[in-house]
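Results of the structural survey
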Amino acid sequence: MTAGQTLLVFLLGGPATCALLILVVPARVAGRLSIAAASAMFVVSIALTADRNTAGSGTIDPWHEINLPWIASLESRLHLGVDGLSWPLIVLTSLLVLCCTIWLASVERVHNVRALLALIFALQFGMVGVFLALDTIVFFVFFELTLVPMYGVIAGWGGAKRAAAARKFVLYTLAGSVLLLTGVMWLLVEAGTSDMPLLAERAGDVARSAQLGIFAFLAVAFAVKSPLWPLHSWLPDAHTEAPTVGSVLLAGVLLKLGTYGLVRVGVTLAPQGAKHFAPVLAALGVVAIVVAAFVCLASDELKRLIAYSSVGHMGFVLLGIATLNEAGMQAAQVGNVSHGLITGLLFFCVGAVKSRLGSGQLASLGGLRMSAPRLAAVLGFAAIASFGLPGLAGFWGEAFAIYGAAQHGTVWWWAAAIVAAIGAALVVAYFLRMLRLVVTRQPTAGAVGMADVITDLRWGEVLVVAPLMTAILLIGLWPGVVLDATAGPVKQIVEGVAR
Amino acid sequence: MSAALVAGPALAALIGFLLPYRARRMAAIVGCAGGMVVFVAAVIAFFAQSADRISQTVATFGSLTLRLQLHLTTTASIVAILVGAVALAVQVYSVKYLANDSRYVPYVAQVSLFVTAMLAVVCADDLITLLIGWEVMGLCSYLLIGHDTSLPEAPRAAVKAFLVTRVGDIGFLLGIIVLGVGAGSFAIPDVLKAITDGTYTSTELTAAGLLLFAGVAGKSAQFPLHTWLPDAMAGPTPISALIHAATMVAAGVYVLITLRPIFVASSTTLLVIAAAGAITVLIGALAACVVDDIKRVLAYSTMSHLGYLVAILGLPGIVRPAALFHLLSHGVFKALLFLSAGAVIHAAGTNSMAAMGGLRRAMPVTFICMTAGLASAAGLPPFGGFWSKESVIGAAMHGFGDGTAGVVVAVSLWVSVPLTAWYCTRLFLRVFFGPSQTHRPAKQQHQGDPAMSMRVPLIALAAATCLVGVLAFTSRSLVEGWSADTIRPHADTTVLVVLLTILGCLTTWWAWRSDRTLDPARIFGILRPPLQAGFYVDAIQDAVIVRPAHRLSRLVRRADEQGVDGVVEGAGNSSWRLGGVLDLAHTGLARYAAIVVSGGLCLGLVTLAMWELAT
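Residues numbered from 1 in each chain as written. Chains lettered and ligands numbered in written order. Predicted model: local features only at pLDDT ≥ 70, side-chain atom pairs only at ≥ 80, totals over all residues. Heavy atoms only, no water.

Here the focus is the overall build of chain A. The number of helices and strands found in chain A is 20 helices and two strands. With respect to the three principal axes, the spread of C-alpha positions in chain A is 70 × 60 × 40 Å. For chain A, buried positions account for 69% of its 499 residues. A fraction of 81% describes how many contacts in chain A between residues 6 or more apart in sequence connect residues 24 or more apart. Carbon and sulfur atoms provide 67% of the accessible area of chain A, an area that totals close to 14700 Å². Here chain A carries 28 positive and 23 negative side-chain charges, and the mean point of each set is 11 Å from the other. (Helix = DSSP H or I, 4+ residues; strand = E, 2+ residues; numbered from the N terminus. Buried < 20%, exposed > 50% of the residue type's maximum accessible area, 1.4 Å probe, protein only. Contact = heavy atoms within 4.5 Å. Areas by Shrake-Rupley, 256 points an atom, 1.4 Å probe, with all protein chains shown as cover. Lys, Arg positive; Asp, Glu negative; His and termini not counted. Charge placed at Lys NZ, Arg CZ, Asp CG, Glu CD.)

With that settled, consider the overall build of chain B. Helix and strand content of chain B: 23 helices and two strands. Taken against the 2.2 N^0.38 rule, which gives 25 Å for 615 residues, the C-alpha radius of gyration of chain B at 28 Å falls within 12% of a compact globule. If one aligns the C-alpha atoms of chain B with their principal axes, the spans along those axes are about 95 × 65 × 55 Å. Here the contacts in chain B between residues at least 6 apart in sequence split such that 79% fall between residues at least 24 apart. Surface accessibility of chain B: about 22500 Å² in total, with carbon and sulfur atoms responsible for 68%. Here chain B holds 38 positive side-chain charges and 30 negative ones, and the gap between their average locations is 11 Å. (Rg over C-alpha atoms; globule rule 2.2 N^0.38 Å.)

Moving on, we get to the packing of aromatic side chains. What the rule picks out here adds up to 32 aromatic pairs over all chains. Considering the side-chain rings of phenylalanine 428 of chain B and phenylalanine 432 of chain B, the 6.5 Å spacing of their centres and the 55° angle between planes classify their relative orientation as tilted. Here phenylalanine 432 of chain B and phenylalanine 428 of chain B lie together in helix H18 (residues 403-432), a separation of four residues that amounts to about one turn. Through a chain of ring-to-ring contacts, three or more aromatic side chains come together here, namely Phe395, Trp396, Phe400 and Tyr403 of chain A together with Phe61 and Phe186 of chain B. Directly above the ring of phenylalanine 143 of chain A sits lysine 225 of chain A, whose terminal nitrogen or CZ lies 4.9 Å from the centroid. The side chain of arginine 513 of chain B reaches across the aromatic face of tryptophan 509 of chain B, ending 5.6 Å from its centre. (Phe/Tyr/Trp six-rings, centres within 6.5 Å; stacked < 30°, edge-to-face > 60°. Lys NZ or Arg CZ within 6 Å of the ring centre and 35° of its normal.)

Before going further, it helps to examine the packing of helix H12 (residues 271-297) of chain A against helix H20 (residues 480-498) of chain A. A packed helix pair is summarised by two numbers, namely the angle formed by the two axes and the spacing between the axes. Residues and elements named next belong to chain A. One way to put it is that H12 packs onto H20 with a least axis distance of 8 Å and a crossing angle of 80°. Judged by the inter-axis angle, H12 sits roughly perpendicular to H20. Residues Pro271, Gln272 and Lys275 of H12 form the contact with H20, whose participating residues are Gly496, Val497 and Ala498. Residues belonging to the contact of H12 with H20 are distributed by class as follows: three nonpolar, two polar and one charged. (Axes fitted to C-alpha atoms, helices over the stretch in contact; angles between N-to-C directions. Parallel < 35°, antiparallel > 145°, perpendicular 65-115°, else oblique. Nonpolar A, V, L, I, M, F, W, Y, C, P; charged D, E, K, R; others polar.)

Below, the discussion takes up the nonpolar core. Phe139, Phe169, Leu368, Phe400 and Met434 of chain A together with Trp228 and Ile294 of chain B are the most contacted members of the largest nonpolar core, which has 416 residues in total. Here phenylalanine 400 of chain A is in contact with Ala327, Gly328 and Ala331 of chain A together with Phe61, Leu64, Leu66, Ile128 and Phe186 of chain B, once residues within four sequence places are set aside. (Core = buried A, V, L, I, M, F, W, Y, C linked by side-chain atoms within 4.5 Å.)

This next bit is on helix H16 (residues 364-378) of chain B. All names here are of chain B. End to end, H16 covers 21 Å across 15 residues, agreeing with the expected 21 Å (1.5 Å per residue, within 8%). Of all 15 residues in H16, eleven are buried; the element is thus mostly enclosed. Where H16 is buried, its residues contact helix H14 (294-313), helix H15 (320-348), helix H17 (384-397), H18, helix H19 (452-474) and helix H20 (491-513). (Expected span 1.5 Å × (residues − 1).)

Turning our attention to the pairing of strand E2 (residues 64-71) of chain B. On any regular strand, side chains alternate: one points to one face of the sheet, the next to the other face. All names here are of chain B. A large share of E2 lies buried, amounting to six of its eight residues. Here eight bridges tie strand E1 (residues 53-61) to E2, and the two strands are oriented antiparallel to one another. Within E2, the residue paired with glutamine 56 across the bridge is leucine 68. The hairpin formed by E1 and E2 contains two residues between the paired strands, and glycine 62 there has a positive phi angle of roughly 65°. (Pairing = 2+ DSSP bridges.)

Here we come to the interface of chain B and chain A. Counting from both sides, the interface comprises 67 residues of chain B and, opposite them, 76 residues of chain A. Summed over both sides, the interface between chain B and chain A buries roughly 6000 Å², with carbon and sulfur atoms accounting for 74% of that surface. Of all residues in chain B, Phe61, Arg557 and Leu603 of chain B bury the most surface against chain A, accounting for 11% of the area lost on that side. Our count for the contact surface shared by chain B and chain A stands at two salt bridges. A salt bridge links glutamate 561 of chain B to arginine 304 of chain A, with the nearest nitrogen and oxygen atoms 3.4 Å apart. Linking chain B with chain A are twelve residue pairs in polar contact (both at pLDDT 80 or more), by the criterion used here. Those elements giving two or more residues to the side of chain B that touches chain A turn out to be E1, E2, helix H5 (127-145), helix H6 (154-183), helix H22 (537-582) and helix H23 (589-614) of chain B. Across the side of chain B that touches chain A, the residue classes break down as 42 nonpolar, 14 polar and eleven charged. (Buried area = accessible area lost by both parts, 1.4 Å probe. Salt bridge = Lys/Arg side-chain N within 4 Å of Asp/Glu carboxyl O. Polar contact = N/O pair within 3.5 Å; in protein donor to acceptor, adjacent residues only side chain to side chain.)

Relative to the elements of secondary structure, histidine 226 of chain B occurs in the loop between helix H8 (202-219) and helix H9 (228-231). Since its relative accessible area comes to 4%, histidine 226 of chain B is described here as buried.

Checked against the element boundaries, alanine 533 of chain B lands in the loop between helix H21 (528-532) and H22. Taking C-alpha positions, alanine 533 of chain B is 8.7 Å from valine 291 of chain B, a pair spaced 242 residues apart along the chain.

Along the chain, tryptophan 229 of chain A connects to proline 230 of chain A via a cis peptide bond; the corresponding omega equals 5°. Within the element layout of this structure, proline 230 of chain A appears in the loop between helix H9 (208-225) and helix H10 (234-241). In the Ramachandran plot, leucine 324 of chain A falls in the positive-phi region, its phi being about 55° despite a non-glycine side chain. Locating leucine 324 of chain A in the fold gives a position in the loop between helix H13 (302-323) and helix H14 (326-357). Residue classification places leucine 324 of chain A among the buried positions, given a relative accessible area of 12%. Although it is not a glycine, alanine 221 of chain B adopts a positive phi angle of roughly 55°. Note on alanine 221 of chain B: relative accessible area 0%, which makes it buried.

Listed below in structure tokens is the structure:
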């Protein structure tokens, strides 16, 4: 077993072990233990870049891989591996899980914290599994595995209407999964294997008509998850009711399973289908940007606003993927990561605001920069990063998705580029409205708990937000930290589509 | 040097943001040091004529390799001197001006960030670096205009400043993308080379020019995106000095100067630029003649002066040297005017000129400094504004004034000359002469001239505005394009301009003389209300864009929540009922199964429909 394979085993085995272990240790050490474990996972995820195999020449070239026999009758093998496409998302996942454990250990007091921590590690197990999967059946299994703990997080620790929201989330995404399974099975039948590297090489052999069907199934399945307008309506409810850590992981990572899957499974394995449906996907992405912006502009609840903003941001990612050229695809990759960091930070901020004031109603907020200037500053930073200020992480995904669309040069794509650019300005408008209502305006007469006594940012919260802010600034000034990794795989995928 | 120029204030900003709110002294030291670094580095770079380039690859987007590049040309370094000088003056001045402000520490850091962003624009050698600086400046203007927690209108004005400029920036981003896609590179030298090589089609060039100009119009407050500027006076006065003299509004014109080959390549673009500039000159000058708020007079005056620059940059021919000259001299006198106005406002306790009067005795230093600034703005010799304005008008009149654009520009320039003299004289008389109109209790009144640390920047800037002409003529050989032909007063136009200026001054004096407590603007009669309202452009924008957008957003929200989600909920609920019928085992599981299966079926039908369409 090579060092790289050991890391992969740790990456999957670690969270699984923690999920079980955390249930049996005494409650008082559970927090510290989970922070230590999550930190170790983060270090392991960074360490994946070391000693990597870059010699391969196939469409999918894992840096490290494990390939074991699994379901012989389906010819499905337990094929796991990490490459430039999945690595940034694995690091993102470990970072956000680490932040969540710090949050639960030192910021927010919740009932039965051990169970929640165990669910978070179970979720990490599922999410990392999706990113590592190099076999479509394995991918599907992990993809479904993430649903259960997320359902538990929302239903167990959510707000007043948590049961309904959790049900809607699970049923809606499960309905999407039916299509994912159909697509995966169809592909298996057509190509005779479920191994992704093999499938990627044989992508040209699958009949075009079959590819169109397969891609349509996969695209709708991933569109539910991403979510792509108009299949997004489970998301605002789930976010509004989910606890802070649930929202962070839901927006930060779970949505990425959709966009990652669309690239890794959809575009890579059914390139002709992708090519055919790209203009439709782009149009839907652009509509998502504009619709989400307008909904946010009229939004009256903080968490719902952030949730809807995710729909718009994922619209940019989908536009980037739909361009099917290197610039747009690269933009989608960096957009994925930066949205995870920024929206994670936003949800932590909102959690901090709501825990202090007991309300997220915009009408009852105000004057945060007077009562809690540091918290206001972090919220402001998250908001400006989210609307894509150049120099922060959110910019690259937006601007180069537009660039990628413009590269096509046709009227359709220029229209998409222009509408997306206008949408980007609308995003600024609703975030500035949000900041005015929450941060800068004078507190209204009936504001809840707007006395001077609310505490500013606590040390535990600083520990949570500082790494996220640093990462946002780092990617903002040096997007290469993500894009150097993704450049190789993206090039292969785009060439696969062109073949 | 260019690295030090950008990194110096960037470091000051970073430290400032991390300092606790009580560390005022430390913040002041760091902020002033940041300004000092910029000023010194810029002066060294200017005289060393080193023109160094830095380039850093940050990412690859397929065939496009993205490099962030800085290039310190002589034009860049001379503007950097202005930025450094004004930033230093503003930082030193703010120490006392914001002595009682609890949010002084973040304010200083934001000023440093503002300066960093402006220097990124000034030194940018690629369009993405330019865009980063450009947008961060928008952010800083938002933060600083909204700084004052006691002004209820400040948050709204801040949002307006950011949004109106951001509307222009939709164009700016798309313009950059048009250029980048065409040239396969965002580096400015590559783009300019692609223009000379004829890589772009003429449509692309026109589109790029117009789109970029939309961004410029937003930043430099040109019609019809000028509406944020008067409202931005809700920001602290030193910030107004910074925005008007050294950052924001200067950035737009600076881009017109440095990226001129893009704009000149299309006659349509030039015509639009000239027209927008000419309209702005007149709106600004006319509104400045009648408004009562001292800061708004200066704001409208900025619009009109920036309008000169934009208008002449809309003409073909060699206008860059004169425009650069006026940009610099305007920066010096406008910073001086705003900082003096801050001292006046502190002394009078109000922005309203109706409540001032007779202040020359109480604050002689401010009086002298502001007089120099006003004389420079009006274009009286031998102050800086005279030399630069004469160069601008000369450049517009001599050889470049033919064609429609030339006539439009010429008319607006000539009409604005006496108007400028009028509003400068009006401000001068209303603030410093006549009987005192102050109604404040004596104990609240500030005693005369401001503290020493505020007085020093005033005196330094006043000295600079007197010397700008001499300095420019002596350093002519150091700046690209500056020569005895391009920056000098032209005898024929000068005589006329000076006569018109004196005429404007005398008219004001004549209107004021009869009753020294009344506003001389009363002679505008029924024209006064529309002028004070800035020709209602604001109200029109509100009715045509802002309110419909809000209505639309409420509509979209309802449609999304009740339409799109309604379908989903409806499908779920009917499956639930269907599941109830099927639910023989009474476990409830069948119901969920029914929802999943029917939901999957719905989505599956959509998918099949897509496939049918596709094949």
